[in-house]
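Each chain, written out:
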Amino acid sequence: EYFVYASLPFATFLPAVRSTQELVRPFGGFRRAFGRVPPLRLGRHPALPWAALAAAAGGLAGIGVWPNRLHALVWVAPLLIIAALRSLRHEPHPLQNLTRPYWTAPAAAVLAALVCGFFWEMWNSGSLAQWRYSVPFVQRFEVFAMPLLGYAGYLPFGLECAAVCRLVED
């Protein structure tokens, strides 16, 4: 029964983030704020994608052993895995935009995930398929059922959603 109640809300994540991203991207102020940003300097060493892939996969495996220490990798590791695999195939990847001065697309994805996350947490607080969070070391200052610092997980989640959309569109 829970599977039926929970499937529809979880199935809305990707389309909700994608459509919200498309709504916020065209705003002039948003484009001015993120249209010219100093790019990140990421190395171009050929071993870097392999190292990122190994670290992310190892981190995900390590969550089962050290969940309190590695819990943040639940949000970051999938993004690193997607970026590493696409980089190894010489395809555009979600972190590539951060090395360019135009951050409008990644910033829109991050903002979209934060906006959607706020509403998801609001709806979660009174839903039948409710879940509670336990975020080690920061379990205070809850907004709805999520600790305030837990909303930081939506930042890489927005980039992951953009990356998955790109995979589906390609």
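The model shown is predicted, which means the values in this text are computed figures rather than measured ones.

Rules used in this analysis
- Residues numbered from 1 in each chain as written.
- Predicted model: local features only at pLDDT ≥ 70, side-chain atom pairs only at ≥ 80, totals over all residues.
- Heavy atoms only, no water.
- Helix = DSSP H or I, 4+ residues; strand = E, 2+ residues; numbered from the N terminus.
- Rg over C-alpha atoms; globule rule 2.2 N^0.38 Å.
- Contact = heavy atoms within 4.5 Å.
- Areas by Shrake-Rupley, 256 points an atom, 1.4 Å probe, with all protein chains shown as cover.
- Lys, Arg positive; Asp, Glu negative; His and termini not counted.
- Charge placed at Lys NZ, Arg CZ, Asp CG, Glu CD.
- Axes fitted to C-alpha atoms, helices over the stretch in contact; angles between N-to-C directions.
- Parallel < 35°, antiparallel > 145°, perpendicular 65-115°, else oblique.
- Left-handed = near helix turned anticlockwise from the far one by under 90°.
- Nonpolar A, V, L, I, M, F, W, Y, C, P; charged D, E, K, R; others polar.
- Expected span 1.5 Å × (residues − 1).
- Buried < 20%, exposed > 50% of the residue type's maximum accessible area, 1.4 Å probe, protein only.
- Salt bridge = Lys/Arg side-chain N within 4 Å of Asp/Glu carboxyl O.
- Disulfide = S-S within 2.5 Å.

Student: Would you mind showing me how to read the overall build of the protein here?
Tutor: When helices and strands are tallied, the protein shows eight helices and two strands. Secondary structure elements of the protein, listed N to C terminal, follow the sequence α-α-α-α-α-α-α-β-β-α. Its C-alpha radius of gyration of 17 Å places the protein within 12% of the 15 Å reference for a compact globule of 170 residues. Dimensions of the protein along its principal axes, counting C-alpha atoms only, are 45 × 45 × 30 Å. The contacts in the protein between residues at least 6 apart in sequence include a share of 69% that link residues at least 24 apart. Of the roughly 10500 Å² of accessible surface on the protein, a fraction of 69% belongs to carbon and sulfur atoms. The averaged location of the 8 negative side-chain charges in the protein is 13 Å from the averaged location of its 14 positive side-chain charges.

Student: Looking at this structure, how should I read the packing of helix H4 (residues 48-63) against helix H6 (residues 73-88)?
Tutor: Packed helices, taken two at a time, are described by their axes: the angle between them and the distance between them. Packing of H4 against H6 leaves a shortest axis separation of 8 Å and a crossing angle of 150 degrees. By the angle between their directions, the pair H4 and H6 is classed as roughly antiparallel. For the crossing formed where H4 meets H6, the hand is left-handed. Facing Pro49, Trp50, Ala52, Leu53, Ala56, Ala57, Gly59, Leu60 and Ile63 of H4, the residues of H6 in contact are Leu73, Val74, Ala77, Leu80, Ile81, Ala84, Leu85, Ser87 and Leu88. When its residues are assigned to classes, the contact of H4 with H6 shows 16 nonpolar, two polar and no charged.

Student: Sorry if this is basic, but what is going on with H6 here?
Tutor: Count 3.6 residues to each turn of an α-helix, and residues three or four apart come out pointing the same way. Taking 1.5 Å as the rise per residue, H6 with 16 residues should run 22 Å; its terminal C-alpha atoms sit 21 Å apart, in good agreement. Within H6, the full set of buried residues consists of Ala77, Leu79, Ile81, Ile82, Ala83, Ala84 and Arg86. Where H6 is buried, its residues meet H4 and helix H8 (154-169). His90 occupies a position one or two residues after H6 and carries a positive phi of about 60 degrees.

Student: Explain the environment of Val17 here, please?
Tutor: Here Val17 shows up in helix H2 (residues 13-24). Taking the C-alpha atoms as reference, Val17 lies 9.9 Å from Leu159; in sequence the two are 142 residues apart. When sequence neighbours within four positions are dropped, the list of residues in contact with Val17 reads Ala109, Ala112, Ala113, Cys116, Trp120, Phe157 and Cys161.

Student: Looking at this model, I keep getting lost on the pattern of salt bridges. Mind explaining?
Tutor: Working definition: two side chains of opposite charge can pair if their charged atoms are close together. Applying the stated criterion across every chain yields a total of five salt bridges. The salt bridge involving Arg25 is made with Glu22; its shortest N-O contact spans 3.2 Å. Of the charged contacts, one joins Glu91 and Arg89 as a salt bridge, the two residues approaching to 3.4 Å between their closest N and O atoms. Since its relative accessible area comes to 24%, Glu91 is described here as partly exposed. Through salt bridges with shared partners, one network takes in Arg18, Glu22, Arg25 and Glu169.

Student: Got a minute to help me understand the state of the cysteines in this structure?
Tutor: A covalent bond between the sulfur atoms of two cysteines is what we call a disulfide. As enumerated under the stated definition, the model contains zero disulfides in all. Cys161 forms no disulfide, and the closest cysteine sulfur to it belongs to Cys165, at a distance of 6.6 Å. Looking at Cys165, the relative accessible area reads 8%, which means it is buried.

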